[in-house]
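Below, each chain spelled out in residue letters.
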Amino acid sequence: MRTFWRVLVVIGLVVLLALGGLVLYGVHTARASFPQVSGQVEVPGLEAPVTVWRDDLGVPQIYADTLEDLFFAQGYVHAQDRFWEMDVRRHITAGRLSEMFGKSQVSTDSFLRTLGWRRIAEQELPLLSDRSTTILTSYSKGVNAYLAEHSGDQLSLEYAVLGLQNSDYRPEPWQPADSVAWLKALAWDLRGNMDDEVYRSVMAAAVGVPETEKLFPAYPFATHRPIVEGGAVVNGVFEQGAASVAGGGGAGVPAAALGPLTQVQVASRSLESWLGPGGHDIGSNAWVVSGSKTATGKPLLANDPHLAPAMPSLWYQTGLHCTAVTDDCNYDVAGWTMSGLPGIFIGHNARIAWGFTNLGPDVTDLVLEKVEGDVYFVDSQPKVMTTRKELIRVAGGDPVAITVRETADGPVISDVADIDTYTAVGADAPVSAPGSVEAGTPPPARGDGYAVALRWTALRPAPTFDAFDLLNTATGWEDFRRAASKLAVPAQNLVFADVDGNIGYQAPGVIPIREGYTGKWPVPGWDSRYKWNGTIPFPALPSVRNPEEGWIVTANQAVIGPKYPFFLTDDWSYGARSQRIVDLIEAATAQGAKVSTQQMQAIQMDSWNELASFLAPKLVGLPTTAVTAPAVGLLDGWDFTQPTDSAAAAYFNAVWRQMVARMFDAAADTELINASGGDRYWEVIYRIWESPSDFWWDDKTTPEVETRDETLQASVAAAVDELTGLQGDDPSGWNWGGLHTLLLQNQTLGDSGIAPIEAVFNRGPVETAGGGSIVNATGWTPLDGYEVNWVPSMRQVVDLSDFDASTWVNLTGASGHAFDPHYNDQNEAWRTGQQFPWPFTSDAVAAAAADLLTLVPAG
């Protein structure tokens, strides 16, 4: 027995030592990638020492003597904290994901190679200014200096996990085109109405064109004001005080053929796991209030872009400062960067502040092409496609060769989908849509359907990157507009404020001019009249400076009224968020009151639901049963806000989810399209309310034809059943936050299906307030459930009276390294509406500093 116990003890010690070794190895591996943030590091390639101050959130403020050293250091610091994210991003834009993750990404790579983002980025490099070239080159050198001294798990923990399946993978040196190509991914994410074109075509094949058009009602200008009210284009220049005049623009176009279009939809959805969902419900809030209406006496500017959630956040906070501001080194700017992209995307310098929201112009056409082999037809004349070969290298497998075909309109994207999304549009959609030009060249025989080419402004090389250097160093309104004139894609609503008290708005972007059609439906490539006729000249784009109201609000609503002479789009967000912000600003400044930074932050967290204010009282008026009465009673007296603890919000959204499923999603009977449930559908409800037998009230999940009240009562009862199953049979115990949760998921390994790995890289889920088409825009898709799928990706309030009094908060944190203290240290503040101080001046940066790192030239 004594021997037995000795053996048992030895075995136990061995097991403990082994477990301890595994723990130590895990800790060592996790910490291996944590960057050095204090002390001194010799870095070959620098001309002079650079200082990097970090505050207690790990946010770096970089000071350098020259432009070259400043951007070298930004590249170095980005690589310290976020290189895995950078590496994945460049593999996305180059269509090389299969080299990292194997054969599962071949179809995604095929689609990306067909789009050719990386090729376009390489064509843009020679178009850039000398300064932009210097910035990109210096940034790349900084990234590569970090790569020269770090590899594998020293770069990021993800490389250790990747090495278990792809041990041969090694990151390549960073190149300027890697940075520029990321602008194409952003343009894709904010591309406008391409998904709406597919939705129209697929839905029209199911229910007909007239009923489909009812799902896209006209923008409600009478109740939701546009960004710019009034103004006109006079002699080619937009003048904000001029009287509006009617102008052209046209209406719909031939809807095309359902088969290939459905195929395109599936192909584009393959990018959602990498770039997030699209559509006009993905938006942003940005507004600026003049000093005449603020407590500080200077403008306040707020911004919160709405994008797909990610771990780490899309954004990385940084300050870029020349130690002495000169003509050659004129950077003194701070704000929001994206790893892999030099400069500041949104933020402020010592003179101006700016914010972005998505303008959402229609910059794409899905072009139906009748093809025979590699020949397509225009005005009955044959044209030969251009082709190129692409070789997709696959980790752990054989290379895959594809052929990319292009027409004069763009790449044939229906060639590359494995499933039917864009193919379906080419097969069945009507060949003539409402509002199109009169019949010209007759459509060729449909046969097996049409191919679909993508005509998109982002596939035309332009020096967009030049805009960021100009924006970062602008000192006033005219400099700001000069920067905006270079911002080709993605086209954004730009809001502006300066220390002199001016506020402004500018619409930028390369936006096509169409004559006789609008691009709301796919267009017939065989008819040459469906071509673009140039682009809207920048001076003619809407802008406003110091409006009488004393504020400017942009939240993806209509930019300007219908009399504007150029067509921008009809597929705006319908203005629920924007009008709520307008109403709150007007209330905060009524009778001479002044708005404060704290009130601006509170507006960003507003969770009032416009649809609920219309629909909930009507639901209360419906007949109830003993089962539904307690739940419906929650809506009686509800204030229509959606905090996490709201039982009424939980029940109302459950009813709305049932309505969307029965009325809209079931109509098309396909998962290729689904209703977002956002304010476009709210507007449909408003428009058909007084027609209780309208087609869209029918519950299409049943063989019968229901009226409005019958579908509402079915939804009310089904919502009770659903929430009883999810949260219990006591309606007073239901809560919105328990349904509306946010999972912060690592872009690559967070959905691996291996629970321990997911636990390492993911955070949450956490309960959130707000909802879709609400100012606190935590969006969700009814078909998929209540989980959050887009978010205010950051929030900022800039104080032009004192930049050090500005505030900001990120979705997650500065670090991209799991277990780093700054991996997720801002999320709770983000969730609860708190913001952190944003130091800017050198004294404030030094006072807030927790760490100081000095980068010095080698030797």
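Model, not experiment: these values are computed from the prediction. Position numbers for residues start from 1 in each chain and track the written sequence from start to end. At least 70 in pLDDT is required for a residue's local features to be given in this predicted model, at least 80 for side-chain atom pairs to be given and counted, and no such filter applies to totals for whole chains, interfaces and linings, which use all residues. Water and hydrogen atoms were dropped before computing side-chain values, which therefore reflect all heavy atoms in the structure.

## Side note on the overall build of the protein
When helices and strands are tallied, the protein shows 26 helices and 31 strands. Partly exposed describes any residue whose relative accessible area lies between the buried limit of under 20% and the exposed limit of over 50%, with all areas from a 1.4 Å probe on protein chains only and scaled to the type maximum. Buried positions account for 61% of the 859 residues belonging to the protein. Intrachain contacts of the protein at a sequence separation of at least 6 include 75% that bridge at least 24 residues. Runs of E in the DSSP output that reach at least two residues are strands. Runs of H or I that reach at least four are helices, and both are numbered from the N terminus. Note on contacts: a residue pair qualifies if any of its non-hydrogen atoms lie within 4.5 Å across the two residues.

## Considerations on the sheet that holds strand 19 (residues 451–456)
The strand order across the open sheet built from three strands is 19-12-22, with neighbouring strands paired in mixed fashion. The open sheet has two edge strands with one neighbour each: strand 19 and strand 22 (523–524). Strands qualify as paired when DSSP identifies two bridges or more between them. Bridging between strand 12 (residues 364–369) and strand 19 involves six bridges; their strand directions are antiparallel. Each residue of the ladder has a partner; that of Val367, found in strand 19, is Ala453.

## Some words on the pattern of salt bridges
Any Lys or Arg side-chain nitrogen found within 4 Å of a carboxyl oxygen on Asp or Glu counts as a salt bridge. In this structure the tally under the stated criterion is 36 salt bridges. One salt-bridge network, held together by shared partners, links Asp362, Asp365, Asp409, Arg455, Arg514 and Lys531.

## Focus on the pairing of strand 31 (residues 849–857)
Alignment of strand 1 (residues 39–43) against strand 31, held across five bridges, turns out to be parallel. The residue of strand 31 that forms the bridge with Glu42 is Val856. Relative to strand 31, strand 2 (residues 50–55) runs antiparallel, the two sharing six bridges. Across the sheet, the residue bridging to Val50 is Leu855, located in strand 31.

## Details of a negative patch on the surface
Note on patches: the residues involved have over 30% relative accessible area and no salt bridge, like charges join within 9 Å, and the nonpolar side chains Val, Leu, Ile, Met, Phe, Trp and Tyr join within 5 Å. Residue exposure ignores everything except the shown protein chains as possible cover, and the areas themselves are Shrake-Rupley values with a 1.4 Å probe. Positive residues here are Lys and Arg, negative ones are Asp and Glu, while His and the chain termini are left out of the count. Here the site of a charge means atom NZ of a Lys, CZ of an Arg, CG of an Asp or CD of a Glu. Taken together, the side chains of Glu47, Glu68, Asp327 and Asp328 define an acidic patch exposed on the protein surface. Locating Asp328 in the fold gives a position in the loop between strand 8 (316–322) and strand 9 (332–338). According to the relative accessible area criterion, Asp328 is exposed, its value standing at 66%.

## Remarks on the state of the cysteines
Note on terminology: disulfide denotes any pair of cysteine sulfur atoms within 2.5 Å. In the structure shown here, the tally under the stated rule is one disulfide. For Cys322, the disulfide goes to Cys329, at an S-S distance of 2.0 Å. Between Cys322 and Cys329, the S-S torsion sits near -85°, and that sign places the bridge as left-handed.

## Some points on the confidence of the model for the protein
Along the chain, pLDDT gives the predictor's confidence residue by residue, from 0 to 100. Counting all residues, the mean pLDDT for the protein is 91, and 88% of those residues have values of 70 or more. A low-confidence stretch, residues 245–256 (pLDDT under 50), is modelled with 65 contacts involving residues beyond four sequence positions or located in other chains.

## Re the packing of aromatic side chains
Between the rings of Phe, Tyr and Trp (Trp by its six-membered ring), a pair exists once the centres lie within 6.5 Å; its type follows the angle of the planes, with under 30 degrees stacked, over 60 edge-to-face, and the other angles tilted. Under the counting rule described, the total for this entry stands at 39 aromatic pairs. When the ring of Trp689 is compared with that of Trp697, the centres are 5.5 Å apart and the planes differ by 80°; the resulting orientation is edge-to-face. Like Trp697, Trp689 is buried. Ring-pair connections join several aromatic residues into one group, and the members of that group are Trp315, Trp336, Phe345, Phe356, Phe465, Phe468, Trp808 and Trp838. By definition, being over a ring means that NZ of Lys or CZ of Arg is both within 6 Å of the ring centre and within 35 degrees of the ring normal. Over the face of the ring belonging to Trp532 we find Arg455, whose NZ or CZ atom lies 5.6 Å from the ring centre.

## Considering the environment of Trp608
In this fold, Trp608 is placed in the loop between helix 17 (597–604) and helix 18 (610–620). Expressed as a C-alpha distance, the spacing of Trp608 and Ala576, which sit 32 residues apart in the sequence, is 9.9 Å. Apart from the residues within four sequence positions on either side, Trp608 is in contact with Arg580, Ser613, Asp639, Phe640, Thr641 and Ile774.

## Some remarks on the packing of helix 9 (residues 194–207) against helix 20 (residues 647–668)
It is the contact of helix 9 with helix 20, at a shortest axis distance of 8 Å, that shows an interaxial angle of 90°. Considered as vectors, helix 9 and helix 20 are oriented roughly perpendicular to each other. Where helix 9 approaches helix 20, its residues Met203, Ala206 and Val207 are matched on the opposing element by Phe664, Ala667 and Ala668. In the contact of helix 9 with helix 20, the residues fall into six nonpolar, no polar and no charged. Only C-alpha atoms enter the line fits that serve as axes; for helices the fit covers just the stretch in contact. Angles between N-to-C directions range over 0 to 180 degrees. Roughly parallel means an angle under 35 degrees; roughly antiparallel means over 145; roughly perpendicular covers 65 to 115; every other angle is labelled oblique. Gly falls in the polar group here, along with every residue not listed as nonpolar (Ala, Val, Leu, Ile, Met, Phe, Trp, Tyr, Cys, Pro) or charged (Asp, Glu, Lys, Arg).

## Digging into the environment of Thr457
Mapped onto the fold, Thr457 is located in the loop between strand 19 and helix 14 (466–472). Judged by its relative accessible area of 7%, Thr457 is buried. Sequence spacing of Thr457 and Thr364 is 93 residues, and the spatial spacing of their C-alpha atoms is 6.8 Å. With residues up to four places along the chain from it excluded, the contact list for Thr457 reads Val363, Val489, Val510, Pro512 and Trp532.

## A short note on the nonpolar core
Counting residues in each nonpolar core, the largest one holds 194 residues, and the members touching the most others are Tyr651, Trp656, Phe664 and Leu855. Looking at this core, the element that brings in the most residues is helix 20, giving 15 residues. Each residue touching Phe664, except ones within four places of it in the same chain, is listed here: Met203, Leu215, Trp656, Met659, Ala675, Tyr681, Val684, Ile685 and Trp696. Here, the term nonpolar core denotes a set of buried Ala, Val, Leu, Ile, Met, Phe, Trp, Tyr and Cys residues that are joined through side-chain atoms within 4.5 Å.

## Examining helix 9
Compared with an ideal rise of 1.5 Å per residue, which puts 14 residues at 20 Å, helix 9 spans 20 Å between its outermost C-alpha atoms and is within 8% of the ideal. Taken residue by residue, helix 9 has Met194, Asp195, Asp196, Glu197, Val198, Tyr199, Arg200, Ser201, Val202, Met203, Ala204 and Val207 as its buried positions. Just past helix 9, the residue Gly208 takes up positive phi, approximately 95°. Expected helix span is taken as 1.5 Å per residue step, with the number of steps being one fewer than the number of residues.

## A look at the packing of helix 18 against helix 20
The contact between helix 18 and helix 20 brings their axes to 11 Å, and the two run at 90°. Here helix 20 runs roughly perpendicular to helix 18, going by the angle between their axes. Here Leu611, Ala612, Leu615, Ala616 and Leu619 of helix 18 come into contact with helix 20, specifically with Phe652, Val655, Trp656 and Met659.

## What about the sheet that holds strand 15 (residues 381–384)?
The antiparallel open sheet is built from three strands, whose spatial order is 13-14-15. The outermost strands of the open sheet, each flanked by one partner alone, are strand 13 (371–372) and strand 15. Inspection of the sheet shows strand 14 (residues 375–378) paired to strand 15 by four bridges, in the antiparallel sense. Its bridge partner being in strand 15, Phe377 is matched across the sheet by Pro382.

## Concerning the pairing of strand 6 (residues 284–289)
By the criterion of burial, strand 6 is predominantly enclosed, with six of the six residues buried. Burial along strand 6 is two-sided: the residues Ser284, Ala286 and Val288 and Asn285, Trp287 and Val289 are all buried. Bridging between strand 6 and strand 7 (residues 300–307) involves six bridges; their strand directions are antiparallel. Looking across to strand 7, one finds that Val289 is bridged to Leu300. Here strand 6 runs beside strand 24 (residues 551–554); their pairing, made up of four bridges, is antiparallel.

## Looking at the environment of Lys214
With respect to the helices, strands and loops of the structure, Lys214 is situated in helix 10 (residues 209–214). Sequence separation between Lys214 and Trp696 is 482 residues, and the spatial gap between their C-alpha atoms is 8.8 Å. In contact with Lys214, not counting residues within four places along its chain, are Val684, Asp694 and Trp696. By the criterion applied in these results, polar contacts are pairs of N or O atoms within 3.5 Å in which, for protein atoms, one can donate a hydrogen and the other can accept it, and in which residues neighboring in sequence qualify only through two side-chain atoms. Separated by 3.0 Å, the side chains of Lys214 and Glu211 make a polar contact.

## Side note on the side chain of Asp362
Here Asp362 shows up in the loop between strand 11 (352–358) and strand 12. A polar side-chain atom of Asp362 sits 3.4 Å from the main-chain amide nitrogen of Thr364.

## Side note on the side chain of Gln80
Assignment of secondary structure puts Gln80 in helix 2 (residues 67–94). A distance of 2.9 Å separates the side chain of Gln80 from the backbone oxygen of Gln36, its partner in a polar contact. The residues touching Gln80, leaving out its near neighbours within four places in the chain, are Ser33, Pro35, Gln36, Arg54, Tyr146, His817 and Leu853.

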